[in-house]
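Structural features, examined
Chain by chain, the residues:
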There are 2 protein chains.
Amino acid sequence: MAPVKTTNFDLYDIIVFGDETEKANVNEVELEGWVRTNRDNGSIGFIEFNDGTYFKNVQLVYLKECKDHDLLASLRTGAAIKITGKVKLTPENKQPFEVEVISCELEGDVADDYPLQKKRHSFEFLREIAHLRPRANTFQAVFRVRSVLAFAIHEFFQERGFLYIHTPLITTNDGEGAGNVFDVIAHDSKNPEDFYGHRVNLTVTGQLHVEPFALAFRDVYTFGPTFRAEHSNTVRHASEFWMVEPEMAFCDLNDNMQVIEDCIKYCINYVLEACPDEINFFNSMIDKTLIDRLHHVANSEFKRMTYTEGVELLQKAVKDGFNFENKDIFWGMDLQSEHERYLTEQVVKGPLFLTDYPKDIKAFYMRQNDDGKTVAACDLLVPAVGELVGGSQREERYDLLKAKMDFMGITEGLEWYLDTRKYGGCKHSGFGIGFDRLLMYVTGMQNIRDVQPFPRTSNTIKY
Amino acid sequence: MAPVKTTNFDLYDIIVFGDETEKANVNEVELEGWVRTNRDNGSIGFIEFNDGTYFKNVQLVYLKECKDHDLLASLRTGAAIKITGKVKLTPENKQPFEVEVISCELEGDVADDYPLQKKRHSFEFLREIAHLRPRANTFQAVFRVRSVLAFAIHEFFQERGFLYIHTPLITTNDGEGAGNVFDVIAHDSKNPEDFYGHRVNLTVTGQLHVEPFALAFRDVYTFGPTFRAEHSNTVRHASEFWMVEPEMAFCDLNDNMQVIEDCIKYCINYVLEACPDEINFFNSMIDKTLIDRLHHVANSEFKRMTYTEGVELLQKAVKDGFNFENKDIFWGMDLQSEHERYLTEQVVKGPLFLTDYPKDIKAFYMRQNDDGKTVAACDLLVPAVGELVGGSQREERYDLLKAKMDFMGITEGLEWYLDTRKYGGCKHSGFGIGFDRLLMYVTGMQNIRDVQPFPRTSNTIKY
């Protein structure tokens, strides 16, 4: 009987979770993948083998008698091989099985200067070989969780009847009017209006484009790349990053916060269930508080507090001697990360929605509250990180929105956006999740450069 | 008892598919949505109401006695309303139920100049109001299918253990070396190298960036926007469009074709099942052959034929008097759409993989066959459209690939790509699906401008 073609994932799946018949049927197998490590003590050799389908390696064992012994003994870290072998259950060992090699072919050898050797490398070093680091343990875990988390987002919204809208990346507007966009110009053209007959730039948010779809389909979301030409050289800023931006008609700020809470809990539970090996790895190697933190958030009731209450609590904390770096707390200020973290970590000891911010520090499209001073915004703050999600109810009143946009001088080119308030507009709300930051949160990874496949930050672009 | 908040979708779901108890429990409901049409004959009025959650309208009925009769009678097409009403089952009518209005609130009125009136509008006209056309029937159907099809893609690959990789949009390379890229420059900067220390452009393909991930995770895919600064003013070209690009290690051209076939069939069956109302609408309003065509492809065995055989058949067809516009058929030419359609429509009468193209008309990364003249490429041709998917086995042999890249002068900046052939490289393959074109195929829509939320084509960008 010919050996059965299989993978790391399928082997573990059958041997750990299969029934006795399934296990008994696993006999001779064919595997293709890469050598992680190889040690040969003369009479017996061991290869840690991985084909990328599962976090755990398969242990290959080769004996002196094997017809391809010399090839096997010569294999170097990183080599691509095809083997056939016999599966041996080893319930008494750490690994539940091993594969005794019958034959081996070298599919692709490794040059001597292979930079990804067995020893532990720094994340800084691995960033320099972004095309090879996915083979390292940490990045096997990071990019598998990235994929699972992205799918969790889609599943959450699709299950609830939200439509996925591909909002455009090239646009004429700069979203929140914050500047710092990238211009887009046909290659080597001198005239920036050349291609479209208009200056264009990369989008900073899909929200303005997705709102008209909420006003047609009720519940919609975008999930795509956004861009900021900011020279912020921090561990949390990238110039290209993925955003999730849901938008819901007939939805007020309270409904909005409920969806945010449900979404974050869904994503955390989804990853905990789908990636236990990866999350255990992060918990032991990256952040020992990770699993506790994720469970805590998944099981917490998210608290709600107004910005005004928050400022009062922070002022009291200063009076009581709490040692903020910035102690000058006043109503109207943009809270810093240390202030947000105080509220979520020290005051409510869990996830916290801070709501109703001063209108002057928030975006033009947020709905003005009756006090005339604040807007119906909400930021979700979580322990250890601070802000994770930002949302708001949108200003649906044409006159108020137009006055604000005129005042800011951004009406021209956004007439279509105002139209949505003129033609059957209604109460609606939405939020934005920085996907890369959410991934940092669920993995414990500390630098956005280490959760993006090919990170884009200022002054470096090798790929 | 307070009325139950519900939606078009949930009402139809319960009344058409629910059991007797569920139906009996539907009594007083609250709905929020938009007026499609309103006619009042004095004693009784009818509103076609839709909240965007489902393709079919709910019929609202209002009587003279209703306390909000005057408001109801005055409602115009497009108005946003909230109503409470009593559900009446009408199994004898075309609609299985109607809602008799008890109360109505106007949430958002419509200005007199609302461009989306009851009458039928041309697609050209509707393109000019891309922010409002999602409310029109055709676009309700298009964008729902777009969302469902996108999710089908994700589900197909996730179920099979593929990892979703977010390849970067800003890059230093132009993919296939075809030129026609968009440059990306920090806003108003005079120096194109300003931000990244290097000239950068928008990606034309995620393939080069996703290959290193296939060589780490075996099966991966990208699904994101790509860009071409081409002034091709056709119904099938846009400057911004979404591509699906799977890449598989230890996979040859034959395996690759099997995945393409499975994927296309999965997507078609998924949409047929999830969107029957929309597909019926397209079949009656857009393309009367649509459903037959989709069923035919879903149930066909995809045929395979080499480019060389294809050229011979085309030459024979010319000899036999078939009236191609371009009758000059020779080995080495790039086949035109009429030639591709002849092979798929007239010869095999179904989906056809054309394989092993002349190397000079295909991309540099495709694997050279032993004949030295052709490469291991495959294009999937389907009736009524022509090319739907393009794929290939990749050149994994370092020396051959390097020689080709040197010859084309594209090695500089792509050393990292060559690295993947130096360090444990292996047989691998992948393909690309133009997502917008696939959507045109499954809906019968004839213009790419009518399947993108805000289409991006040369010389027009209003949003």
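Residues numbered from 1 in each chain as written. Chains lettered and ligands numbered in written order. Predicted model: local features only at pLDDT ≥ 70, side-chain atom pairs only at ≥ 80, totals over all residues. Heavy atoms only, no water.

**Description of the interface of chain B and chain A**
The interface is formed by 101 residues belonging to chain B together with 102 residues belonging to chain A. When the buried surface of chain B facing chain A is broken down by residue, His166(B), Phe195(B) and Tyr423(B) rank first, second and third, together holding 10% of it. For the pair chain B and chain A, the number of links is four salt bridges. For the salt bridge of Lys422(A) with Asp113(B), the shortest nitrogen-to-oxygen distance reads 3.5 Å. Here chain B is connected to chain A by 43 residue pairs in polar contact (both at pLDDT 80 or more). For the side of chain B that touches chain A, the residue count by class is 51 nonpolar, 28 polar and 22 charged. Here five bridges tie strand E9 (residues 182–186) of chain A to strand E9 (residues 182–186) of chain B, and the two strands are oriented antiparallel to one another. By the bridge assignment for E9(B), Asp183(A) is matched with Ile185(B). (Contact = heavy atoms within 4.5 Å. Buried area = accessible area lost by both parts, 1.4 Å probe. Salt bridge = Lys/Arg side-chain N within 4 Å of Asp/Glu carboxyl O. Polar contact = N/O pair within 3.5 Å; in protein donor to acceptor, adjacent residues only side chain to side chain. Nonpolar A, V, L, I, M, F, W, Y, C, P; charged D, E, K, R; others polar. Pairing = 2+ DSSP bridges. Helix = DSSP H or I, 4+ residues; strand = E, 2+ residues; numbered from the N terminus.)

**Side note on the side chain of Arg367(A)**
Residues and elements named next belong to chain A. Relative to the helices and strands, arginine 367 resides in the loop between strand E14 (352–358) and strand E15 (374–382). Judged by relative accessible area, which is 17%, arginine 367 ranks as buried. Reaching out from arginine 367, the side chain makes a polar contact with the side chain of glutamate 396 at a distance of 2.8 Å. (Buried < 20%, exposed > 50% of the residue type's maximum accessible area, 1.4 Å probe, protein only.)

**Some details on the relation of the copies chain B and chain A**
Look at the two chain copies: a rotation about an axis and a shift along it is all it takes to match them. For the pair chain B and chain A, the superposition axis carries a translation of 0.0 Å, the fit reaches an RMSD of 0.0 Å, and the rotation angle comes to 180°. Both copies are brought into coincidence by an operation consistent with a two-fold rotation axis. For chain B, the residue whose C-alpha comes nearest the rotation axis is Val184(B), separated from it by 2.5 Å. When the interface residues of chain B are mapped onto chain A, 100% of them are again interface residues, pointing to one common binding face. (Least-squares fit on C-alpha atoms with pLDDT ≥ 70 in both.)

**Things to note about the pattern of salt bridges**
Within the structure shown, the criterion is met by 50 salt bridges over all chains. Here Asp450(A) makes a salt bridge to Arg133(A), at a shortest N to O gap of 3.3 Å. Of this pair, Asp450(A) sits in the segment after helix H14 (435–443) while Arg133(A) sits in the loop between helix H4 (123–127) and helix H5 (137–159), placing them 317 residues apart in sequence. Among the salt bridges present, the one from Arg397(B) reaches Glu395(B), with a minimum N-O distance of 2.7 Å. Judged by relative accessible area, Arg397(B) falls into the partly exposed class, the value being 28%. For Glu395(B), a relative accessible area of 3% corresponds to the buried category. Residues joined in a network through salt bridges with shared partners are Arg76(A), Asp109(A) and Asp112(A).

**Thoughts on the sheet that holds strand E16 (residues 386–393) of chain B**
Residues and elements named next belong to chain B. Strand order in the open sheet formed by eight strands is E7-E11-E12-E17-E16-E15-E14-E13, with mixed pairing between adjacent strands. Where the open sheet ends on each side, the last strands, each with one partner, are strand E7 (163–164) and strand E13 (303–306). Both strand E11 (residues 219–227) and strand E12 (residues 240–249) contribute to a ladder of nine bridges, which runs antiparallel. Looking at the pairing, phenylalanine 223 lines up with valine 244 of E12. Running over the sheet, helix H6 (residues 207–217) touches E7, E11, E12 and strand E17 (428–434) and is turned about 30° from E12. (Axes fitted to C-alpha atoms, helices over the stretch in contact; angles between N-to-C directions.)

**Let's talk about the sheet that holds strand E10 (residues 200–202) of chain B**
Taking strand neighbours across the sheet as the criterion, the six strands line up as E8(A)-E10(A)-E9(A)-E9(B)-E10(B)-E8(B) in an open arrangement whose pairing is antiparallel. The open sheet has two edge strands, strand E8 (170–171) of chain A together with strand E8 (170–171) of chain B, and neither has a second partner. Inspection of the sheet shows E8(B) paired to E10(B) by two bridges, in the antiparallel sense. Of the residues in E10(B), the one forming a bridge with Ile170(B) is Leu202(B).

**Quick notes on the pairing of strand E11 (residues 219–227) of chain A**
When a strand is regular, its side chains alternate between the sheet's two faces. All names here are of chain A. The buried count for E11 comes to nine of nine residues, which makes it a mostly enclosed element. Relative to E11, strand E7 (residues 163–164) runs parallel, the two being bridged by two bridges. Along E11, the bridge assignment pairs tyrosine 164 with tyrosine 221.

**Observations regarding the pairing of E9(B)**
Residue and element names in this part refer to chain B. Across the five residues that make up E9, a large majority, five, are buried. Taking every second residue as pointing to the same face, both faces of E9 are buried, with Phe182, Val184 and Ala186 on one and Asp183 and Ile185 on the other. Relative to E10, E9 runs antiparallel, the two sharing two bridges. Bridging across to E10, valine 184 finds its partner in valine 200.

Distances and angles like these do not, on their own, reveal function.
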